[in-house]
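One-letter residues, chain by chain:
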Amino acid sequence: MTKKSVAVILASHGSFAKYALDSAEMIVGKQNNCGVLSVTMDLNLEEATQKMTDIYQSLDTSAGTVILVDILGGTPSNVSGNFCLTKPNVLVISGLNLPMLLDLFTNRQRSLEEIAESLQQSYQIGFQNITERFQEEEQEDDSEIL
């Protein structure tokens, strides 16, 4: 019997979370047991909290829930932070980006503790100065020719 997958909620300002999910699914395939909270200008804190509750209740959260938010301190993270205090087995992580999302979607059977550690590593590995890397590689290629 395979282990159940954690539920995933992506929360962001505007449609960022929706499009991050679309991009991840383009790479790893359609994901089940996921929800998206898009906090728009016309949504107040109470309405955002109710939408988060509705999303949570629509998912199978028996294996736990991971909520990825765009930035710390904004409405998505505040709603999620307060939310994790009232619901069991919820992990909230800020810094939503594609490397983290791909990592999460390929490791959804792990424990919340293992997921948290893996997402932190993905976040750090995902940040690269590509200009610097390409310039270093070009310099190495040039020195090999000489």
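Above this text sits the structure in question.
Structural notes, computed from the coordinates. A quick note: this is a predicted structure, and the numbers were derived from the prediction, not measured.

1. Thoughts on the overall build of the chain
Looking only at helices and strands, the chain features six helices and four strands. Taken from the N to the C terminus, the helices and strands of the chain come in the order β-α-β-α-β-α-β-α-α-α. Based on the C-alpha atoms only, the size of the chain along its principal axes is roughly 65 × 45 × 25 Å. Across the 146 residues of the chain, 38% fall into the buried class.

2. Remarks on the side chain of serine 77
The topology assignment puts serine 77 in helix α3 (residues 75-86). In this structure serine 77 comes out as buried when scored by relative accessible area, which is 9%. One polar contact links the side chain of serine 77 to the main-chain carbonyl oxygen of glycine 74, over a distance of 3.1 Å. Ignoring sequence-local partners within four residues, the contact set of serine 77 consists of Val69, Ile71 and Leu72.

3. Some details on the pairing of strand β4 (residues 90-94)
Within a regular beta strand, the side chains point alternately toward one face of the sheet and then the other, so they alternate between its two faces. Two strands pair when backbone bridges link them, and strand β3 (residues 65-69) and β4 are joined in this way by five bridges, in the parallel orientation. Each bridged residue has a counterpart across the sheet, and for isoleucine 67 the counterpart in β4 is valine 92. Of the crossover connections in this fold, the one passing from β3 over α3 to the parallel β4 is right-handed.

4. What about the environment of phenylalanine 105?
Structurally, phenylalanine 105 can be placed in helix α4 (residues 98-105). Spatially, the C-alpha atom of phenylalanine 105 lies 9.9 Å from that of lysine 30, the residues being 75 residues apart in sequence. Ignoring anything within four residues of it in the chain, the contact list for phenylalanine 105 reads Val8, Leu21, Ala24, Val28, Gln31 and Cys34.

5. Quick notes on the environment of threonine 53
Structurally, threonine 53 is set in helix α2 (residues 45-58). For threonine 53, a relative accessible area of 17% puts it in the buried group. Measuring from C-alpha to C-alpha, the distance between threonine 53 and glycine 74 comes to 18 Å, with 21 residues separating the pair along the chain.

6. Details of the pattern of salt bridges
Two side chains bearing opposite charge may form a pair once their charged atoms approach each other closely. On inspection of all chains with the given rule, the structure shows three salt bridges. With a shortest N-O distance of 3.1 Å, aspartate 22 and lysine 18 are connected by a salt bridge. Here aspartate 22 pairs with lysine 18, and both are found in helix α1 (residues 16-28), just four residues apart, close to one helical turn. On the basis of relative accessible area, lysine 18 is assigned to the partly exposed category, the value being 36%. Across the pair lysine 30 and glutamate 25 runs a salt bridge, and its minimum N-O distance is 3.7 Å. Assessed through its relative accessible area of 15%, glutamate 25 is described here as buried.

About the thresholds
- Residues numbered from 1 in each chain as written.
- Predicted model: local features only at pLDDT ≥ 70, side-chain atom pairs only at ≥ 80, totals over all residues.
- Heavy atoms only, no water.
- Helix = DSSP H or I, 4+ residues; strand = E, 2+ residues; numbered from the N terminus.
- Buried < 20%, exposed > 50% of the residue type's maximum accessible area, 1.4 Å probe, protein only.
- Polar contact = N/O pair within 3.5 Å; in protein donor to acceptor, adjacent residues only side chain to side chain.
- Contact = heavy atoms within 4.5 Å.
- Pairing = 2+ DSSP bridges.
- Right-handed = clockwise from strand over helix to strand, strands pointing away.
- Salt bridge = Lys/Arg side-chain N within 4 Å of Asp/Glu carboxyl O.

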